Amino acid sequence: MNADAHASDLALRLLGRSYDELDAEERRVIAAIAAHEPTSRDAGDIDDSQASFGARLSDRVAAVGGSWAFIILFTVVLLGWMLLNSEVLARGGMAFDPYPFIFLNLMLSTLAAVQAPIIMMSQNRTSAKDRLAASLDYEINLRAELEIMRLHHKIDALVEKVDGLGSEPKG
């Protein structure tokens, strides 16, 4: 029996539908069972192999921008900027951004305008990775369920065979 016929037979026996009626996940599981191959795959590896440079960059920006180290460093830079422009440079009349720090506000607004969509891109990638992981989990669960069904069928067949042998008249 060729691989396609074996997969079609498994689909009918285990899922009660023809191979052509199955969705992509079910087809992968049936094909893996027919080929005696493992079903499990790592969602992170799949996602990383398909990620573009921009997607990987957005993940890095989100990781840095969402860390305590960034918050602390950014706070130090802001306080230093304000102290420098209000005390140190203002004494010599050289403050390039005196109070109310309009240039600083412009830079902060620009940073927020750029950083927010980048973080949202990273969150979208995380959501897509979670959906992929859920799909892969479904495949594993389906495979386990189908393999248990196959074992039940084999055990039932053995029990029937043993019962059939034991009920024969001795003579």
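Report on the accompanying structure. (Residues numbered from 1 in each chain as written. Predicted model: local features only at pLDDT ≥ 70, side-chain atom pairs only at ≥ 80, totals over all residues. Heavy atoms only, no water.)

**A short note on the environment of Leu73**
What counts is decided by this rule: Here a helix means four or more residues in a row that DSSP labels H or I, a strand means two or more in a row labelled E, and each is numbered from the N terminus.
By secondary structure assignment, the location of Leu73 is in helix H5 (residues 68-91). In sequence terms Leu73 and Ala116 are 43 residues apart; their C-alpha atoms lie 19 Å from each other.

**Side note on unusual backbone geometry**
Along the chain, Tyr99 connects to Pro100 via a cis peptide bond; the corresponding omega equals 20 degrees. Within the secondary structure, Pro100 sits in the loop between H5 and helix H6 (102-166). One non-glycine residue, His36, lies in positive phi territory at about 55 degrees. Within the secondary structure, His36 sits in the loop between helix H2 (24-35) and helix H3 (43-50).

**What about the environment of Leu22?**
Selection rule: What makes two residues a contact is simply this: any of their non-hydrogen atoms within 4.5 Å.
Structurally, Leu22 is set in the loop between helix H1 (3-15) and H2. On a C-alpha basis, the gap between Leu22 and Ala11 in space is 8.1 Å, while along the polypeptide they are eleven residues apart. Those residues in contact with Leu22 that sit more than four places away from it in its chain are Ala11, Leu15, Arg17, Arg27 and Ile30.

**Quick word on a nonpolar patch on the surface**
Under the convention used in this document: Residues form patches when they are more than 30% accessible in relative terms and have no salt bridge. Like charges link within 9 Å. Nonpolar side chains (Val, Leu, Ile, Met, Phe, Trp, Tyr) link within 5 Å. Reported accessibility uses the Shrake-Rupley method at a 1.4 Å probe radius. Residues are deemed covered only where the shown protein chains occlude them. Any carboxyl oxygen of Asp or Glu within 4 Å of a side-chain nitrogen of Lys or Arg constitutes a salt bridge here.
Taken together, the side chains of Leu84, Val88, Phe96, Phe103, Leu106 and Met107 make up a nonpolar region of the molecular surface, amounting to roughly 560 Å² of accessible area. Only H5 and H6 provide two or more residues apiece to the nonpolar patch. The element best represented in the nonpolar patch is H6, accounting for three residues.

**Structural notes on the packing of aromatic side chains**
When we look at a pair of aromatic rings, we describe it by the centre distance and by the angle of the planes. Using the following cut-off: Stacked, tilted and edge-to-face are the three classes applied to pairs of Phe, Tyr and Trp rings, where Trp contributes its six-membered ring and a pair requires centres within 6.5 Å; stacked means planes under 30 degrees apart, edge-to-face means over 60, and tilted covers the rest. With a 1.4 Å probe rolled over the protein chains alone, any residue whose accessible area is under 20% of its type maximum counts as buried; one over 50% counts as exposed, and the rest are partly exposed.
Overall, the coordinates contain four aromatic pairs when judged by the stated rule. Centre to centre, the rings of Phe70 and Phe74 are 5.3 Å apart; their planes meet at 15 degrees, and the pair counts as stacked. Pair noted here: Phe70 and Phe74 are both in helix H5, with a separation of four residues, about one helical turn. Residue Phe70 is classed as partly exposed on the basis of its relative accessible area, which comes to 23%. A relative accessible area of 25% places Phe74 in the partly exposed class. What links up through ring pairs into an aromatic cluster is the set Trp81, Phe96 and Phe103.

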